[in-house]
2 protein chains.
Amino acid sequence: MDSCQNCPILKKSIFYNQNSEDPIQYPHLKRQLSFKKGQNIFDQNTSPTGVYCIKKGDIKVMKTDGHGNDTIVRIANTGDIIGDDIILSQNEFKKSATAMTDAVLCYIDKTSFNHLINNKGVVVNLLKKTLNTLRKAEEHICSCHQKKVISRLSELLMDLKKKNGIRENAQWKIDLNLSREELAMLVGTAPETLIRSFAELKKLGIISGQKVIYINDEEALENMANSISYERNTLACPM
Amino acid sequence: MDSCQNCPILKKSIFYNQNSEDPIQYPHLKRQLSFKKGQNIFDQNTSPTGVYCIKKGDIKVMKTDGHGNDTIVRIANTGDIIGDDIILSQNEFKKSATAMTDAVLCYIDKTSFNHLINNKGVVVNLLKKTLNTLRKAEEHICSCHQKKVISRLSELLMDLKKKNGIRENAQWKIDLNLSREELAMLVGTAPETLIRSFAELKKLGIISGQKVIYINDEEALENMANSISYERNTLACPM
DNA sequence: CTTCAAGAATGACAATTGTCATTCTTGAAA
DNA sequence: TTTCAAGAATGACAATTGTCATTCTTGAAG
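Every chain is numbered on its own, with residues counted from 1 as its sequence reads. The order in which chains are written sets their letters, starting at A; the order in which ligands are written sets their numbers, starting at 1. Totals for whole chains, interfaces and linings use every residue, but because this is a predicted model, local features are given only for residues with pLDDT of at least 70 and side-chain atom pairs only at 80 or more, for both listing and counting.

1. Notes on the overall build of chain A
Working definition: helices are DSSP H or I runs of at least four residues, strands are E runs of at least two. Numbering for both runs from the N terminus. If you tally the helices and strands in chain A, you get 6 helices and 12 strands. Projected onto its principal axes, the C-alpha coordinates of chain A cover approximately 65 × 45 × 40 Å. Classification of the 239 residues of chain A by burial places 40% in the buried group. It is the C-beta atoms, placed from the backbone, that decide contacts: two residues are in contact if theirs lie within 7 Å. Of the contacts made within chain A by residues no fewer than 6 positions apart, 71% connect residues no fewer than 24 positions apart. The exposure scheme places C-beta atoms from the backbone and then counts, for each residue, the other C-beta atoms within 10 Å of its own, assigning buried at 20 or more, exposed at 12 or fewer, and partly exposed in between.

Written out as structure tokens, the structure reads:
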């Protein structure tokens, strides 16, 4: 087993503690696991016995309603923790996780994890990460409430650009490691509707490409993400 | 200033610490504030200088897109903390809070709050609260993605029942302290659509009443909340 | 190269939801 | 009580989105 002290992603993880007044006990019940693209990490109906710290790869966290309707709740990356809500009552755990790329995760036993969060630095790091995730979730809720599909798709593309985008001359290149169906599950719509919004953005010249896409007009995409919501004719001056 | 030790809601707050190995420092830069129903606590464009612990009352946390589209992100109650995401970068604070009932909040200065979360028990309590809020937010995201308005409204009513419902014979009585517009902002739809869904539930005999409503058929409401999502004809056996 | 299957795309249509106009209710103030 | 304004409700219609059927692409396996 590698020691956590030398982990290349230590600084990105919640286990990195700048001020060493309260030195971290690294997990001793840790196991490093590898997953192939598409492989399931845990599923909605099991009670997990620990948490996972992502060393490498993209993990989709999903929820299914049993009628074949899946939602991708979020995508977790290097340094993120998944399954941490076992801290709450365990039996309400109702999410699944799947590797979207080949991935390496460190499994940390529940007891060990509970011990680790006795460390001030670690809890605070985890709290910050959680608050950040919550903020993003709340922003997504607003989008769902207020915006049309094409707008939410534009938001998603801006997000992906921020995370995985590569600048190429005047364009941004994004290698979507996502099928159209997965994009639909992120945006919250049917695959067909997503495909049509996608086509619309292409027709407008804002993006191009298929699996690898290019953002040709970043400003237009930003506008699409922000301004196209349901709107009423609010009379400026009802005089 | 009242001392926190004697606060009647101490046990509901994040400042309550069972194992006293690491005794809590109660906030010393605390101010108790009263708000009237409808009064604004902080708004989206200000950078708050501290957090609020709710002693009494219901607080709606909202987000506006500037085009008159508001969303109620969540309703916070006794023992909850609002504004705690000042722990993250302050300038991204983009929510407002308004009292839905007469309310009493304790304002805690940012410096003081940062000091308080040095206490293990307090951070862990806050972390648990945040994880719980996140879980609810993620569940709401799934509902938005998968369910129709009438279904989301049913979910909301079940929630309100759980929080404020009073058993009356075979029924549940809920005093909605919410206008139809507010209900719409919670469910994520237009007021007219909400009103129609409301009417539909009444027509089905599942609920009755106006501002004070009665759940006549809890099971039917539960079913409505769970089962009515968009569904495809998944062929059972395509042989 | 051909075959084939899975994903992507598109057309047609229906269901849901949003928008606007109008009317009905309700409760507070005069 | 009467008046009036704000919220609630409803009708009519349009826009968006979901569903199903079908076709087109693409890439892997033989």
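2. Focus: the sheet that holds strand β3 (residues 50-56) of chain A
Residue and element names in this part refer to chain A. On the basis of which strands lie adjacent, the open sheet formed by 4 strands has the order β1-β8-β3-β6 and antiparallel pairing. Looking at strand neighbours, the two that pair on one side only are β1 (30-35) and β6 (81-82), the edges of this open sheet. Here β1 pairs with strand β8 (residues 103-109) via 6 bridges, running antiparallel. Residue pairing in the sheet places Arg31 in a bridge with Tyr107 of β8. Strand pairing is assigned whenever DSSP identifies at least 2 bridges connecting the two strands.

3. A few points about the environment of Ile14 of chain A
Residue and element names in this part refer to chain A. Relative to the assigned elements, Ile14 resides in the segment before β1. A tally of 24 C-beta atoms within 10 Å means that Ile14 is categorised as buried. Spatially, the C-alpha atoms of Ile14 and Thr193 are 38 Å apart, while their sequence positions differ by 179 residues. The contact partners of Ile14, leaving out residues within four places of it in the chain, are Ile81, Val122, Asn125, Leu126 and Lys129.

4. Brief notes about the protein's contact with DNA strand C
Any residue whose backbone-placed C-beta atom lies within 6 Å of a molecule or strand is treated as near that molecule or strand. Contacts to DNA strand C come from 20 residues, most closely from Tyr230, Arg232 and Asn233 of chain A together with Lys148 and Thr193 of chain B. Those elements that provide at least two residues to the surface near DNA strand C are α4 (180-187) and α5 (191-203) of chain A together with α3 (149-164) and α5 (191-203) of chain B. The biggest single contributor to the surface near DNA strand C is α5 of chain A, with 5 residues. In this classification, the charged set is Asp, Glu, Lys and Arg, the nonpolar set is Ala, Val, Leu, Ile, Met, Phe, Trp, Tyr, Cys and Pro, and all remaining amino acids, among them Gly, are polar. Of the residues that constitute the surface near DNA strand C, the class distribution is 7 nonpolar, 5 polar and 8 charged.

5. Here's the deal with the protein's contact with DNA strand D
Surrounding DNA strand D, one finds 19 residues, the nearest of these being Lys148 and Thr193 of chain A together with Tyr230, Arg232 and Asn233 of chain B. Within the residue set of the surface near DNA strand D, elements represented by two or more residues are α3 (149-164) and α5 of chain A together with α4 (180-187) and α5 of chain B. Among the elements that take part in the surface near DNA strand D, α5 of chain B stands out by supplying 4 residues, more than any other. When the residues that make up the surface near DNA strand D are grouped by side-chain class, the tally is 7 nonpolar, 5 polar and 7 charged.

6. Describing the nonpolar core
What tends to happen in soluble globular proteins is that the nonpolar side chains get buried as a cluster. Structurally, a nonpolar core is described as a collection of buried Ala, Val, Leu, Ile, Met, Phe, Trp, Tyr and Cys residues joined by way of C-beta atoms within 7 Å. Among the nonpolar cores identified, the biggest contains 119 residues, and Ile59 of chain A together with Ile59 of chain B are the most heavily contacted of them. The residues contacting Ile59 of chain A, other than those within four sequence positions of it, are Ile41, Ile54, Ile75, Ala76, Ile82, Ala97, Thr98, Ala99, Met100 and Ala103 of chain A.

7. Considering the relation of the copies chain A and chain B
Relating one copy of the chain to the other takes a rotation about an axis and a shift parallel to that axis. In this comparison the copies share one frame, found by least squares on the C-alpha atoms of residues holding pLDDT of at least 70 in both. Overlaying chain A on chain B yields an RMSD of 0.1 Å, the required transformation being a rotation through 180° with an accompanying axial translation of 0.0 Å. Taken together, the turn and the small shift mark the pair as related by a two-fold rotation axis. Taken together, the interface assignments show that 100% of the residues at the interface of chain A recur at the interface of chain B, consistent with an identical surface on both copies.

8. A closer look at the interface of chain A and chain B
Contact residues are listed per partner, giving 39 residues for chain A and 39 residues for chain B. Mapped by element, the contributors of at least two residues to the side of chain A that touches chain B are β5 (70-76) and α2 (120-146) of chain A. Considering every element that reaches the side of chain A that touches chain B, the biggest residue donor is α2 of chain A, with 20 residues. When grouped by side-chain class, the residues that make up the side of chain A that touches chain B number 15 nonpolar, 14 polar and 10 charged.

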